Amino acid sequence: ADTLGAAAAGKGRYFGAAVAANHLGEAQYVNTLNTEFNSVTPENEMKWDALEPSRGSFGFGNADRIVNHAQGRGMSVRGHTLVWHSQLPGWVSGLGASDLRSAMNNHINQVMAHYRGKIHSWDVVNEAFQDGNSGARRSSPFQDRLGNGFIEEAFRTARAADPNAKLCYNDYNTDGVNAKSNAVYAMVRDFKSRGVPIDCVGFQSHFNSASPVPSDYRANLQRFADLGVDVQITELDIEGSGAAQATGYGTVVTACLAVSRCTGITVWGIPDKYSWRSGGTPLLFDDNYTKKPAYHAVLSAL
Ligand code: XIL
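Quantities reported herein were computed from a predicted structural model and do not represent experimental measurements.

### Overview of the packing of helix α10 (residues 217-225) against helix α11 (residues 242-258)
Line of reasoning, step 1. Where α10 meets α11, the closest approach of the two axes is 9 Å, and the angle between their N-to-C directions is 30°. In terms of orientation, α10 and α11 fall into the roughly parallel class. As α10 packs across α11, the resulting crossing turns out to be right-handed. Of the residues in α11, those touching α10 at Tyr217, Arg218, Leu221 and Gln222 are Val252, Ala255, Cys256 and Ala258.
Line of reasoning, step 2. Taken together, the residues of the contact of α10 with α11 break down into six nonpolar, one polar and one charged.

### A few points about the packing of aromatic side chains
Two descriptors summarise a pair of aromatic rings, namely the distance from one centre to the other and the angle between the planes of the rings.
Line of reasoning, step 1. All told, the structure shown has 14 aromatic pairs when counted by the stated rule.
Line of reasoning, step 2. Judged by centre distance (6.1 Å) and plane angle (70°), the rings of Trp48 and Trp91 are edge-to-face. Taken together, the residues span a long stretch of sequence, with Trp48 in helix α3 (residues 48-51) and Trp91 in helix α5 (residues 90-93) at a distance of 43 residues. The same class applies to Trp48 as to Trp91, namely buried.

### With respect to the environment of Ser121
Line of reasoning, step 1. Examined against the element boundaries, Ser121 turns out to sit in strand β4 (residues 121-126).
Line of reasoning, step 2. As a C-alpha pair, Ser121 and His80 span 41 residues in sequence and 8.7 Å in three-dimensional space.
Line of reasoning, step 3. When neighbours within four sequence positions are excluded, Ser121 is seen to be in contact with Val77, Arg78, Gly79, Lys166, Cys168 and Gln232.
Line of reasoning, step 4. At 3.1 Å, the side chain of Ser121 forms a polar contact with the side chain of Gln232.

### Digging into the side chain of Gln204
Line of reasoning, step 1. Examined against the element boundaries, Gln204 turns out to sit in the loop between β6 (200-203) and β7 (206-207).
Line of reasoning, step 2. Side-chain polar atoms of Gln204 contact the side chain of Asn126, separated by 3.2 Å.
Line of reasoning, step 3. Filtering out sequence-adjacent residues up to four positions away, Gln204 remains in contact with Asn126, Glu127, Asn170, Asp171, Tyr172, Asp175, Thr234, Glu235 and Leu236.

### Here we look at the state of the cysteines
A disulfide bridge is the covalent bond that connects two cysteines by way of their sulfur atoms.
Line of reasoning, step 1. A complete count under the given rule lists two disulfides for this structure.
Line of reasoning, step 2. Between the sulfur of Cys168 and that of Cys200 lies a disulfide, 2.1 Å long from S to S. On the S-S bond that ties Cys168 to Cys200, the torsion sits near -85°, and the link is left-handed. Taken together, the positions of Cys168 in strand β5 (residues 166-171) and Cys200 in strand β6 put the pair 32 residues apart, joining distant regions of the chain.
Line of reasoning, step 3. Residue Cys200 is classed as buried on the basis of its relative accessible area, which comes to 0%.
Line of reasoning, step 4. Note that Cys256 is cross-linked by a disulfide to Cys262, the S-S spacing being 2.0 Å. Between Cys256 and Cys262 the disulfide shows an S-S torsion of about -100°. By sign, it is left-handed.
Line of reasoning, step 5. Judged by its relative accessible area of 0%, Cys256 is buried.

Calculation criteria
- Residues numbered from 1 in each chain as written.
- Predicted model: local features only at pLDDT ≥ 70, side-chain atom pairs only at ≥ 80, totals over all residues.
- Heavy atoms only, no water.
- Axes fitted to C-alpha atoms, helices over the stretch in contact; angles between N-to-C directions.
- Helix = DSSP H or I, 4+ residues; strand = E, 2+ residues; numbered from the N terminus.
- Parallel < 35°, antiparallel > 145°, perpendicular 65-115°, else oblique.
- Left-handed = near helix turned anticlockwise from the far one by under 90°.
- Contact = heavy atoms within 4.5 Å.
- Nonpolar A, V, L, I, M, F, W, Y, C, P; charged D, E, K, R; others polar.
- Phe/Tyr/Trp six-rings, centres within 6.5 Å; stacked < 30°, edge-to-face > 60°.
- Buried < 20%, exposed > 50% of the residue type's maximum accessible area, 1.4 Å probe, protein only.
- Polar contact = N/O pair within 3.5 Å; in protein donor to acceptor, adjacent residues only side chain to side chain.
- Disulfide = S-S within 2.5 Å.

As structure tokens, then:
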């Protein structure tokens, strides 16, 4: 196969990109998206502040543009993300516990109902654990007011709202075996043992020279898969350039293919110029949409 999506499909995987609605009018962007990728994640358009900027007022326009684009071309869609401490509108942080609980469940219900049947996998909860060695939960309105049970509640609500979507927990700095990934692992094991619905774990995989692809990346993916969940590479980008960057990308793809439950890879953008890491060149295409060495490394690893 000579595109990322077709090569990944040949291995039973998807290959996706984070997409921004405001670039869908750019011919080269759309052409690259349509040619190379068979899955999309809205980069910002499904976050709480985008979908429900004030309580009970939902606006799906930008997210719908991405979903419609994908559906018209047979691409799957990852939903990102229902419950997250960031890009959260101010009104949510102002609520007391019982109001917050109903706002969270209502948000999940309304958004998942709107997209029922159209989303392959949802990041139900994003980034709920702290960095560092504590393995503790991160402070957030949800954690601080609802306690540890908010994650479980969000997943139970999500299962009822769209029983056919895969429900994922997604985080960063969990890509290797470390205290943070151990804490996520313990949560997933607990959920599986108690029948709390969870289907997948997303590994964001934002890498740079200070935080390169861990040597135990594949082993870490495999230990999660062995709990009985799918694993997905959800936001891959690797700062750098040339052969070193290409090697990093190749390592990630090879690791995913070595884990039968690693069902797909999403890169966090298409050309470098639109990366959220504004200073760097972390993606597969340069600013003119020319394929970089990293692109060729991914294609040959697939
Ligand atoms: C980033 C987007 O790429 C930016 O455009 C936005 O300004 C901030 O969020 N972890 C996540 C993603 O789960 O949602 C973040 O996306 C990157 C880090």
